[in-house]
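# Residue-level structure breakdown
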Amino acid sequence: MGTNGSTMLKPLRQGLPPLDPAAVSNAASCALPARYEAVREARQFTRRTLGQWDVGDRFDDVCLVVSELVTNALRHAVSGETERPAAPQGPAVRLHLMRWTGRLVCAVRDPSHETPTPGDSDDFSAESGRGLFLVDSFSDGWGWHPLAGTLSGKVVWALFRLQTAE
């Protein structure tokens, strides 16, 4: 194949996943406090939501990716935002889950403007930087886009293909 690791991890920088927002069949979101316990809350919210939506075989993949995206978002929200008062737009981190017939997207909003970049994959003992490799491995695509208007920060999303009943 001859592909090196850096080409594998190019997120789709054009922004939103290639899905029509008007055609979404289910959507849910939850605000997360800027504390590391929020990762557990995000997982519980995801499990409850996916249980109602019947996403079958992708359940574990989605829960893992949500954990990684929320952990990354909190790393920025907790470390970078603590000395400033809370922004008027509400919680620093927000998790969105959206389902179409054959697709599921999880998106996490955070207050940081930094481009999400994978860490050095050679150092598997490193505590951070592996999250985006897991996102890339367990999802069918991911990307990010800066927020516009009065919202500051960015959204990082991951796309999952679902088995449909047909």
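Provided above is the structure to which this section pertains.
Rules used throughout
- Residues numbered from 1 in each chain as written.
- Predicted model: local features only at pLDDT ≥ 70, side-chain atom pairs only at ≥ 80, totals over all residues.
- Heavy atoms only, no water.
- Helix = DSSP H or I, 4+ residues; strand = E, 2+ residues; numbered from the N terminus.
- Buried < 20%, exposed > 50% of the residue type's maximum accessible area, 1.4 Å probe, protein only.
- Contact = heavy atoms within 4.5 Å.
- Areas by Shrake-Rupley, 256 points an atom, 1.4 Å probe, with all protein chains shown as cover.
- Pairing = 2+ DSSP bridges.
- Axes fitted to C-alpha atoms, helices over the stretch in contact; angles between N-to-C directions.
- Salt bridge = Lys/Arg side-chain N within 4 Å of Asp/Glu carboxyl O.

### Considering the overall build of the protein chain
Within the protein chain one finds four helices and five strands. Tracing the protein chain from N to C terminus, the helices and strands come up as α-β-α-α-β-β-α-β-β. Each of the 166 residues in the protein chain was classed as buried or not, and the buried ones make up 40%. Partitioning the contacts of the protein chain with sequence separation of at least 6, the portion at a separation of at least 24 is 69%. Summed over its atoms, the accessible surface of the protein chain is roughly 9,200 Å², and 53% of this surface lies on carbon and sulfur atoms.

### A few points about the sheet that holds strand β1 (residues 26-32)
A sheet is described by the order of its strands in space; here five strands give the open sequence β1-β2-β3-β5-β4, paired in antiparallel fashion. The two strands at the open ends of the sheet, each matched to only one other strand, are β1 and β4 (142-146). Sheet twist, expressed as the average angle between the axes of neighbouring strands with direction ignored, equals 15 degrees. Sheet strands touched by helix α2 (residues 38-53): β1, β2 (93-99) and β3 (103-110). Its angle to β1, the strand with the most contacts, is close to 165 degrees.

### Some points on the pattern of salt bridges
Inspection of the entire model under this criterion finds six salt bridges. In this structure, R35 and E41 form a salt bridge, with 3.5 Å as the shortest nitrogen-oxygen distance. The exposure class of R35 is partly exposed, given its relative accessible area of 40%. A salt bridge links D140 to R58; the shortest N-O distance between them is 2.7 Å. Of this pair, D140 sits in the loop between α4 (131-138) and β4 while R58 sits in the loop between α2 and α3 (59-81); the two residues are 82 residues apart in sequence, bridging distant segments of the chain. Given the relative accessible area of 30%, D140 is considered partly exposed.

Take it as geometry only, folks, not as evidence of what the structure does.
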